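Understanding the architecture of this molecule
Residue-level listing of the chains:
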Amino acid sequence: GGGRHGGPQRGQRDTRGQAAQPAPPPAPAPVPAGPIRVPRAVTVEEFASKVGRGPAEIIKMLLGMGELKTISQSLSDEAVELLADELGMTIEVVSPDTEPGPEETSEETEEESPELLEPRSPVVTVMGHVDHGKSSILQWYRKQEMLALEAGGITQAIGAYRVHNHDRTVTFIDTPGHQAFTQMRARGAEVTDLVILVVAADDGVQPQTREALDHARAASVPVIVAVNKIDKENADPTRVRQQLAELGLQPEEWGGDTIFVDVAAKQGTNLEELLDMVHLVADLQELKANPSAPARGVAIEAHLDKGRGPVATLIVQKGSLKIGAPVVCGPAWCKVRSMVDDMGHHLEVAGPSQPVQVSGWSRVPTAGDEFKAVRDEREAKRIAQEREARVRQAEYVAAAKPVSLLDLLAKTQTDALPELRMIVKAATQGAVEALVDALEKMDQKKVRSTVLRSGVGAITENDVTLALASGAIVVGFNVRPDVGARQLGEREGVDIRTYQVIYHLLNDIEAATKGLLAPVQQEVVLGTAQVRQLFRTPRGVIAGSYVLEGKIVRNASARVLRDGAIVYTGTIGSLRRFKEDVREVLTGFECGIGIPDFNDIKEGDTIEAYEVREVAQT
């Protein structure tokens, strides 16, 4: 009743002298300016609060669309799009590990006071067409840096490094071209301040040059052009300027505003001048950061290290990262155990624009995820766990029966547009990105390919469970399923496919989509053994091993696996029990295994014996 809320009682008049009416329906909330970001698999309740409506109103809209949802159920991307149209709003669905959830305090930093800001080094990405000399330029800078510093530090390939020029520094991101750059931008990470576009003077503008330029423009990043290989006989730097002027990069000497520097990377010609130009352009941007703020930045590379576990290269964009600091990066968290720079030095503190490799993570972070330092370890753990829960919820929104490439072949002949869902695992983050990129660029006219989850490391039971729930196939590139994952896959009929050549993978999927899946050779795993001791003999290294499952057979094909990644493929040359040569050794027995031409085997490695059988497809 109205009385409880201090309003007019029934029959009374209010202060305006009018009879009290039933409360009018609340006015619709104003439409927020700009796109609203919602995480994938957002619940009805979260969605309603994001768009400023009541949950009941959203449920009613969904009913009108033929969807019966409760307040706590998740919405599919399609449902969010339909609701956005209905509400007249622009709504952007983002990855749940990058969007802060309701559990995260929105402590948006207040505007930094100018006196706290200090100049920082520019972060530069080098891009260009393959073989135009990107690597040569970076190698020359790297070499000069090592000569300038005292010998002693062992250089680390951490994906980024600093170069000193006079009394200033430049941070270079050593990415495999524009794919990684785009990957980071797609995840909302604006890490690069400036792009050096490398064009060969003897080859001119090529397709990847144009692509790199498009990406740099989309990121609104200034571009400096390095015209490389001017020492070649058929070099024509003027032609490069003409081609780029047609694409809108007008050289300064022709009255434009783009700096062009003619260089020869092999000899180091004009590379010092190129660095001076980088500083000149950076000075115009007035790059500054507050080194005393809590650390924030971006993970640019991550992988699983044999000795140190998950490691990630971070570029600090703001604040200072210290040893022992609790940090969250997507659904991963860590208490910084060690920080190593590109020269192998262990650091206690890393300031703005400094790239460092950090160990101590709960899992391998994703390249392109933003990281931030938080108050304490408990908060870091809580935020990471809640993000991970949201990621899992998003992955499990669509559940169906497992599919195989053969099912896909059948569907291509019946359905209008079947969908192939994939879980992609590879040995390194770079390989994951390249693979996902290649799969997404495949012809989508016959089949829509969707990557549900991608990650670094062996194929696990978690991956197979997700594939089972969402009707996906599991694709491994240079990695293998662990024993539990393989057994679960066989039991539940999940299609697990592993490849060592990216084209074989793409060809298989393309063949299925075109209805051309030919009879295949099927690989059958005979058994696995764990290496427990090494014996060196005149004929090579013998791996003293214990057979974990199945059987190891002499002359069978074999792979050596280290942390789930394939390090060698060959055959089992010799097999012994005690001093006797044997044909096979069964589960639970010890044996000595010799693999010809491979002596880099280590204790803890897994040897997997397999054979390839011809299987007719029905």
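Everything in this summary refers to the structure shown in the same document. Please read all numbers here as calculations on a predicted model, not as lab measurements.

1. Describing the overall build of the protein chain
Of the regular secondary structure elements, the protein chain holds 14 helices and 31 strands. Looking at the protein chain as a whole, 46% of its 618 residues are labelled buried. Here the analysis covers contacts within the protein chain between residues at least 6 apart in sequence; of these, 72% occur between residues at least 24 apart. In the form shown here, the protein chain has an accessible surface area of approximately 30900 Å², with 50% of it arising from carbon and sulfur atoms.

2. As for helix 2 (residues 55-64)
Residues Ile58, Met61 and Leu62 constitute the buried set of helix 2. Taken end-on, helix 2 shows its buried residues confined to a sector of 100°, consistent with a single buried face. For helix 2, the exposed residues set more than 90 degrees away from the buried face come down to Ala56, Lys60 and Gly64. Considering only its buried residues, helix 2 is in contact with helix 1 (44-51) and helix 3 (77-87). Looking one or two places after helix 2, you find glycine 66, whose phi comes out positive at around 85°.

3. What about the nonpolar core?
Counting residues in hydrophobic clusters, the biggest one holds 42 residues, and the most contacted among them are Leu321, Val358, Trp361 and Leu439. Looking at this core, the element that brings in the most residues is helix 11 (residues 429-440), giving five residues. Discounting residues that sit within four places of it in the chain, tryptophan 361 has contacts with Pro310, Val311, Ala312, Leu314, Val327, Cys329, Ala332, Trp333 and Cys334. Residues Val261, Ala265, Leu271 and Leu275 belong to the second largest nonpolar core, which totals 24 residues.

4. Some details on helix 11
Every α-helix carries 3.6 residues per turn, so stepping three or four residues along brings you back to the same face. With 12 residues, helix 11 should cover 16 Å at 1.5 Å per step; its first-to-last C-alpha distance of 16 Å lies within 8% of that length. Looking at helix 11, one finds that the buried residues are Gln429, Ala431, Val432, Glu433, Leu435, Val436, Asp437 and Leu439. The residue sitting at the N-terminus of helix 11 and contributing the capping side-chain oxygen is threonine 428; that oxygen lies 3.1 Å from the backbone nitrogen of alanine 431.

5. A look at the packing of helix 1 against helix 2
Contact pair helix 1 / helix 2: the axes reach a minimum separation of 9 Å and the direction vectors enclose 110°. Between helix 1 and helix 2, the angle falls in the class roughly perpendicular. The crossing of helix 1 and helix 2 is right-handed. Between helix 1, through Val44, Phe47, Ala48 and Val51, and helix 2, the contact on the second element is made entirely by Pro55, Ile58, Ile59 and Leu62. Split into classes, the residues belonging to the contact of helix 1 with helix 2 amount to eight nonpolar, no polar and no charged.

6. Focus on the sheet that holds strand 12 (residues 309-318)
Spatial ordering of the closed barrel is given by 11-12-17-15-14-18, a layout of six strands whose pairing is antiparallel. Put simply, the sheet's adjacent strands are angled 45° from each other on average, direction ignored. Pairing between strand 11 (residues 296-305) and strand 12: nine bridges, direction antiparallel. Of the residues in strand 12, the one forming a bridge with glutamate 301 is threonine 313.

7. Brief notes about the environment of valine 553
By the element assignment, valine 553 lies in strand 24 (residues 540-553). Separated by 19 residues in sequence, valine 553 and isoleucine 572 place their C-alpha atoms 7.4 Å apart. Apart from the residues within four sequence positions on either side, valine 553 is in contact with Leu526, Ile572, Leu575, Arg583, Glu584 and Ala609.

8. Topic: the packing of aromatic side chains
Here a ring pair, both rings aromatic, is described through the centre-centre distance and the interplanar angle of the planes. With the rule as written, the count across this model stands at four aromatic pairs. Between tyrosine 161 and phenylalanine 172, the aromatic rings sit 6.4 Å apart at their centres with planes inclined by 45°, giving tilted as the arrangement. Here the residue tyrosine 161 occupies a position in strand 5 (residues 160-165), and phenylalanine 172 occupies one in strand 6 (residues 168-173), the gap between them amounting to 11 residues. For phenylalanine 172, a relative accessible area of 0% puts it in the buried group.

9. Focus: the packing of helix 2 against helix 3
How two helices pack is summed up by the angle between their axes together with the distance between the axes. Interaxial distance between helix 2 and helix 3 falls to 11 Å at its minimum, and their mutual angle equals 105°. Between helix 2 and helix 3, the crossing angle belongs to the class labelled roughly perpendicular. Judged by residue contacts, Ile58, Met61 and Leu62 of helix 2 engage Ala79, Leu83, Glu86 and Leu87 from helix 3. The residue inventory of the contact of helix 2 with helix 3, partitioned by class, reads six nonpolar, no polar and one charged.

10. Comments concerning the pattern of salt bridges
A side chain of one charge can pair with a side chain of the opposite charge if their charged atoms are brought near each other. Here the structure, examined in full by the defined rule, presents 25 salt bridges. Note that arginine 53 and glutamate 57 form a salt bridge whose closest N and O atoms lie 2.9 Å from each other. Classification of glutamate 57 by relative accessible area gives partly exposed; the value is 33%. The salt bridge involving arginine 562 is made with aspartate 605; its shortest N-O contact spans 2.8 Å. Remark: aspartate 605 occurs in the loop between strand 30 (590-594) and strand 31 (606-615) and arginine 562 occurs in strand 25 (residues 557-562); sequence separation between them is 43 residues.

11. Some details on the pairing of strand 4 (residues 123-128)
Along any regular strand the residues' side chains alternate between the sheet's two faces. Counting buried positions along strand 4 gives six out of six residues, so the element sits mostly inside the fold. Alternating residues of strand 4 divide into Val123, Thr125 and Met127 and Val124, Val126 and Gly128, and every residue in both groups is buried. Pairing geometry for strand 4 and strand 7 (residues 194-200), over five bridges, is parallel. Directly across from methionine 127, in strand 7, lies its bridge partner leucine 197.

12. Observations concerning the sheet that holds strand 21 (residues 472-477)
Consider a sheet: its strands pair through backbone hydrogen bonds, and that pairing is either parallel or antiparallel. In spatial order, the strands read 20-19-21-22; together these four strands make up an open sheet with parallel pairing. Looking along the sheet, the strands with just one partner apiece sit at the ends: strand 20 (448-456) and strand 22 (496-499). Between one strand and the next, the sheet's axes are offset by a mean angle of 25°, whatever the strand orientation. Sheet topology note: the strand 19 (residues 419-426)/strand 21 ladder contains six bridges and is parallel. By the bridge assignment, methionine 422 is partnered in strand 21 with isoleucine 473.

13. Some remarks on the pairing of strand 24
Where strand 24 and strand 30 come together, five bridges link them in antiparallel fashion. The partner of glycine 544 across the bridge, within strand 30, is glycine 592. Here three bridges tie strand 24 to strand 29 (residues 584-586), and the two strands are oriented antiparallel to one another. Bridged to lysine 551 within strand 29 is leucine 586.

14. A closer look at the state of the cysteines
Counted by the stated rule, this structure contains zero disulfides. Here cysteine 329 is not disulfide-linked; the sulfur of cysteine 334 is the nearest cysteine sulfur, at 8.7 Å. Residue classification places cysteine 329 among the buried positions, given a relative accessible area of 0%.

15. Focus: the environment of proline 291
By secondary structure assignment, the location of proline 291 is in the loop between strand 10 (288-289) and strand 11. Between the C-alpha atom of proline 291 and that of glycine 351, which follows or precedes it by 60 residues, the distance is 6.0 Å. Apart from residues no more than four positions distant in its own chain, proline 291 is found in contact with Leu116, Glu118, Gly319, Ser320 and Pro352.

Rules behind the numbers
Residues numbered from 1 in each chain as written. Predicted model: local features only at pLDDT ≥ 70, side-chain atom pairs only at ≥ 80, totals over all residues. Heavy atoms only, no water. Helix = DSSP H or I, 4+ residues; strand = E, 2+ residues; numbered from the N terminus. Buried < 20%, exposed > 50% of the residue type's maximum accessible area, 1.4 Å probe, protein only. Contact = heavy atoms within 4.5 Å. Areas by Shrake-Rupley, 256 points an atom, 1.4 Å probe, with all protein chains shown as cover. Arc of directions from axis to C-beta. Core = buried A, V, L, I, M, F, W, Y, C linked by side-chain atoms within 4.5 Å. Expected span 1.5 Å × (residues − 1). Polar contact = N/O pair within 3.5 Å; in protein donor to acceptor, adjacent residues only side chain to side chain. Axes fitted to C-alpha atoms, helices over the stretch in contact; angles between N-to-C directions. Parallel < 35°, antiparallel > 145°, perpendicular 65-115°, else oblique. Left-handed = near helix turned anticlockwise from the far one by under 90°. Nonpolar A, V, L, I, M, F, W, Y, C, P; charged D, E, K, R; others polar. Pairing = 2+ DSSP bridges. Phe/Tyr/Trp six-rings, centres within 6.5 Å; stacked < 30°, edge-to-face > 60°. Salt bridge = Lys/Arg side-chain N within 4 Å of Asp/Glu carboxyl O. Disulfide = S-S within 2.5 Å.

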